[in-house]
Amino acid sequence: LAARDLLRERALSLSLTSSGLGGADAGMEAEALRFIKILALVGEPSETFARLTAFRRLSLRANIAAARTRAEETARGDATRVGWAELVALALQSTAAAIEADAQLVRARLGGARSLVRFVCALHDECRGELAALALALTQAHELGKRVGALKSITAELAGGAHAEQAGDQKRVEGAAKLLADLDGVTDELVHLLNGGGSYDCYVLERVERAVGEERVSAAVGESGAVCTDAETETYGGPPPSLVLLCASPSAVGSDLSRAGFAQASTQVSQALSAGLAHAVGRAFAMEVARAKPANAANAGADARAAGASALASSVPDDVFYLLKRAFQRAAHTQSLHVLAAVTRAGGALLRAPYLDNLSQRTRGGGGGAGLALLAAFGSVGGGGGGDGSAGAGGGASQRLGAFGSKLSAAAYGATATLVSAGSGATDTPAEPPQFLANLNNLATSIAYLDKLQAQQEESCAAICALFQIPSSPQTAAPDPAAIAVSLGPSAGARAGVEAALVDAHAARAELEGLKPAFRAAHGQAVGQLCASVAHRFKSKLDQIGGISYDLPEGGGEGDEGAGDESFVPTLTEALEWQLGLLRGNLLERNYEAVLSGVTRFVAERIEAMILQKRFTLRGAFQLDRDVRALSAFLSAASSTTARSAFARLSQVVTLLSLEREGEVAEIWTPPGRVADSGSGLRWKLSAAEVRQVLALRVDFKKEAIAGLKL
């Protein structure tokens, strides 16, 4: 008993003394540990566990404090020069080293696996407290919150049109750039800090869960009749505490403000990344505007042509989506799903406004004075232009055209007018596509980039989930970490918190997915406006059908020679080839195909509408059939796809007009939605009423026979 009291006193005095030295005297620290461990050998496991845990916590605290003091002395009072990330790494490494050094002793002699869980959680809790102080000191030293607020203020001024460049204040521009660079540096330091914390979180989870598994094995062995020592069944200090990860969200930390600093760093990182991203996106738009207004506008076109062919789209999609990709990569490097979800939402908000709003406004807005003047001029004359861009007869320019369902856009009309003027030699060929066409290309490029950005975010989620060894497919609802922690053990609540963050990250990606319809709608509207403008220019050639008669005498006769040779196709294809040739070199392939598809549908519907106002003989129907086939072949050759789908209704109308007798329709026609019985795979698009309407156009078909058809 006397020896035991002496050992207890010696262990206590040495542990308190060595822990206060901050690792300066390694020999005294080793001696203190030796006396603490001797207590376990003389039958004092409970006291040894308490003293060992207290010693390790005090030693960890003292070592970090000593290292921080040395770092601050080296920095000579400048807190921004202190290596806060190195101090965090020291704390994480010291904690892990202490756990590994004593894990075997605690497991074998101080209470088994259950005590090991308590030991790991105790040191982890001490580590969280020290790291909270370091994270708080880092953000305060660099005034992170103040810098984020200043950057947001500058970004708001940019969005409001009061940017420093526009005001001519070059110093302010340079100050904003320096602020962004400084903020990026601090953010990178916090990102690396969180990255180390994420790896440490995985280590602690694995260590605790391994101990819990060993405890279950020991319990199973005990129930089977094997002999268990007192040390393996004894429990000290009640049930194991719940585990709170370093990178847990501040809400998971709750009211434990002394331990929330490191968790709150994730919020600060996401705010800094989001603010920097918003400012950089605004700068990308401002720089594009500046490039669009060169100092010497008279020489701008010649300089651009001398430099070579320009890209079909502007630099904005590349710049913005590169910035988004980089921000997502930095967020994923934190190994925190909370940060990734927050940055994903911020990126999605920026893509909606100002990015999509800006591009949509450019395609909806005026095409400049020239575009508005040309639209007014053509509108006052009416009708569509010919192949050379001249105005023709017909309806006003602002009327609705065919299937497009929207009025002509001054921006789209100005773009086609610029190309027509250049193509006819009236002006120089533009070095870059007109603004409307460039914005249309921007929208198409953005849709492709949006798919890649979403895939990148999904891959980042999967990588973090693999690190924490959880499925990357989230539950339908986020679990309650508190309820799970009470019922399933110390690490269950922590894992539930990670899974809840995963649900949030997937929800953020779903919001990113929700942007696609808006982008596609803006792209579709712009394509429709361009189609309407192109169609307006060749509409007069198409309207020549109105002056052609298809009520031709069968077999011909004197004075009828050549009466069936009149065709609208040559002049129409010439106008189409001219217009489409001007667009082909200024549009991305996807946009060119979309415009060509829209124009093809317009042509087919316009022809159908006009021929339904005419009368036909069989000879006239054959003439129309030749024209429709020739036009369909021309449009198919101009595209990478066939025009058959767009011409389906028109071809079926021509087929009905080319029948020799009324009753033949029953052999070929089937109700819409059903495949033809002939085995050709043809699906008719004309209803029974429309079939009768078309057959009634034949001058030689009898009304009674048409009405008596069983359709």
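Residues numbered from 1 in each chain as written. Predicted model: local features only at pLDDT ≥ 70, side-chain atom pairs only at ≥ 80, totals over all residues. Heavy atoms only, no water.

**Focus: the packing of helix H3 (residues 45-75) against helix H5 (residues 112-141)**
Thinking step 1. Following both chains from N to C, one finds H3 and H5 inclined at 20 degrees, their axes separated by 10 Å at the closest point. Between H3 and H5, the crossing angle belongs to the class labelled roughly parallel. With respect to the hand of their crossing, H3 and H5 are arranged in right-handed fashion. Across the interface between the two elements, Phe49, Leu52, Thr53, Arg56, Arg57, Leu60, Arg61, Ile64 and Arg68 from H3 touch Ser115, Arg118, Phe119, Ala122, Leu123, Asp125, Glu126, Cys127, Glu130, Ala133, Leu134 and Ala137 from H5. (Axes fitted to C-alpha atoms, helices over the stretch in contact; angles between N-to-C directions. Helix = DSSP H or I, 4+ residues; strand = E, 2+ residues; numbered from the N terminus. Parallel < 35°, antiparallel > 145°, perpendicular 65-115°, else oblique. Left-handed = near helix turned anticlockwise from the far one by under 90°. Contact = heavy atoms within 4.5 Å.)

**Overview of the packing of helix H21 (residues 569-584) against helix H22 (residues 589-611)**
Thinking step 1. One way to put it is that H21 packs onto H22 with a least axis distance of 11 Å and a crossing angle of 160 degrees. Looking at the two axes, H21 sits roughly antiparallel to H22. Considering how the two elements wind past one another, H21 and H22 form a crossing that is right-handed. Residues Leu572, Leu576, Leu580, Leu583 and Arg584 of H21 form the contact with H22, whose own contacting residues are Tyr592, Val595, Leu596, Val599 and Val603.
Thinking step 2. Split into classes, the residues belonging to the contact of H21 with H22 amount to nine nonpolar, no polar and one charged. (Nonpolar A, V, L, I, M, F, W, Y, C, P; charged D, E, K, R; others polar.)

**With respect to the environment of Val343**
Thinking step 1. With respect to the element layout, Val343 can be found in helix H14 (residues 337-364).
Thinking step 2. The class of Val343 is buried, set by a relative accessible area of 1%.
Thinking step 3. A C-alpha to C-alpha distance of 5.8 Å links Val343 and Ser270, two positions 73 residues apart in sequence.
Thinking step 4. Not counting residues within four places of it along the chain, the set of residues in contact with Val343 comprises Ser270, Leu273, Ser274, Ala327, Phe328 and Ala331. (Buried < 20%, exposed > 50% of the residue type's maximum accessible area, 1.4 Å probe, protein only.)

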